[in-house]
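In case you want the letters, here they are:
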Amino acid sequence: TASSRQAPASCQARWAEDLEAVAEASGWTEPIVVLGISQGGVPAIELAIRHPERVSHLVLYGCYSQGWMTRGDEASRRRFAAMVELIQHGWGRDNPVFRQLFTSRFIPGGTDEQIDWFNDLCLKTTSPHNAARLLQARAHVDVRGRLGEVRVPTLVLHARADDVVPLSSGRILATEIPGAQFVEGRGVAIRGKSLDKGIERLLDSGKRGAHGAVTRGRDGSPPGPTRPYMAGRSASRARRAHLNSHQ
């Protein structure tokens, strides 16, 4: 069915259910690599916990296990609440200054063209009401107590200068997910050799699983080819690119 801009609920449990439903609808018959980006890390983690035999690897880029209202101090919580209020009342206006408060954190130092593109994308993507609801929902997520339940090879990628999700959040994931590999980028994004080395380590660890056991399929067969599945920012676009490259 077609999606609606006025979704009945936006919460941690619903995101996990949605991701699982989309994976099933895509023909989920073999182990998949699950990539969670930013807030997409929460449903990606949930999916890996629920179906360890159907997830071959978990990759978390710029993710967190706790939202701002859980992990932040009082000053951070006040800043976040102020941003939500401004977005709710100014997101849909022609003047992009309200949206730019949000977008400038994702591409600090971006060119005017890049900022304008991102502002326009945000305006087209969601309504002021939904933008505020999504931010509020993300602020209250908390899966930190479940990180120890992850039983698949995991790679955590986090940029040191990420202004949206602090580096400490990535370190928590890497520390509390058993056997997780951690790659820390120098700037606002991870690319080049650092990314290549992280993926190599992840694939190597996947040969024996997160706890040293050889990973096998649902029928007990040895590990075979996997395909990526994604949750979070730019996930649908990357997913389409992957599918197109294999047609």
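Definitions and limits used
Residues numbered from 1 in each chain as written. Predicted model: local features only at pLDDT ≥ 70, side-chain atom pairs only at ≥ 80, totals over all residues. Heavy atoms only, no water. Core = buried A, V, L, I, M, F, W, Y, C linked by side-chain atoms within 4.5 Å. Buried < 20%, exposed > 50% of the residue type's maximum accessible area, 1.4 Å probe, protein only. Helix = DSSP H or I, 4+ residues; strand = E, 2+ residues; numbered from the N terminus. Contact = heavy atoms within 4.5 Å. Arc of directions from axis to C-beta. Pairing = 2+ DSSP bridges. Phe/Tyr/Trp six-rings, centres within 6.5 Å; stacked < 30°, edge-to-face > 60°. Lys NZ or Arg CZ within 6 Å of the ring centre and 35° of its normal.

J.: For this particular structure, what's the right way to read the nonpolar core?
T.: Note that soluble globular proteins tend to have their nonpolar side chains buried in a common cluster. Counting residues in hydrophobic clusters, the biggest one holds 43 residues, and the most contacted among them are Ile45, Leu58, Leu60 and Leu173. Within the residue set of this core, elements represented by two or more residues are α1 (12–25), β1 (32–37), α2 (41–50), β2 (55–61), α4 (74–90), α6 (112–125), α7 (128–139) and α8 (167–176). At six residues, the largest contribution of residues to this core is made by α2. Among residues more than four places away in sequence, those in contact with Ile45 are Leu58, Leu60, Val143, Leu147, Val150 and Leu173. Counting seven residues, the second-largest nonpolar core is a separate cluster that includes Val33, Leu35, Ile37 and Val59.

J.: Sorry, what's going on with α8 here?
T.: Residue pairs three or four apart in sequence face the same way in an α-helix, which turns once every 3.6 residues. Considered for burial, the residues of α8 that qualify are Leu167, Ser169, Gly170, Leu173 and Ala174. Viewed end-on, α8 has its buried residues packed into an arc of 160°, placing them on one side of the element.

J.: I tried to follow the pairing of strand β3 (residues 154–159) on my own but got confused; where do I start?
T.: On a regular strand, one side chain projects to one face of the sheet and the next to the other, so that they alternate. With six of six residues buried, β3 lies mostly within the body of the structure. Of the two faces of β3, the one lined by Thr154, Val156 and His158 and the one lined by Leu155, Leu157 and Ala159 are each fully buried. Taken together, the five bridges between β3 and strand β4 (residues 181–185) define a ladder with parallel strand orientation. Residue pairing in the sheet places Ala159 in a bridge with Gly185 of β4.

J.: Please clarify how the environment of Ile107 should be interpreted in this entry.
T.: Within the secondary structure, Ile107 sits in the loop between α5 (97–103) and α6. Spatially, the C-alpha atoms of Ile107 and Asp162 are 9.3 Å apart, while their sequence positions differ by 55 residues. Excluding residues within four positions of it along the chain, Ile107 makes contact with Gln114, Ile115 and Phe118.

J.: In this structure, what is going on with the packing of aromatic side chains? I would like to understand it.
T.: Two descriptors summarise a pair of aromatic rings, namely the distance from one centre to the other and the angle between the planes of the rings. For the structure on display, the rule yields two aromatic pairs. Ring centres of Phe106 and Phe118 lie 5.7 Å apart, and the angle between their planes is 70°; on these two criteria the pair is classed as edge-to-face. Pair noted here: Phe106 is in the loop between α5 and α6 and Phe118 is in helix α6, with a separation of twelve residues, a long-range link. Overall, Phe106 belongs to the buried group, its relative accessible area being 19%. Owing to a relative accessible area of 14%, Phe118 belongs among the buried residues under this scheme. On the numbers, 6.2 Å between centres and 35° between planes, the contact of Trp117 with Phe118 is tilted. Ring pairing ties together the aromatic residues Phe106, Trp117 and Phe118, which thus form one cluster. Above the face of the Trp28 ring, Arg54 is positioned so that its terminal group lies 3.8 Å from the ring centre. A cation over a ring is seen here: Arg71 above Trp68, with NZ or CZ 4.4 Å from the ring centre.

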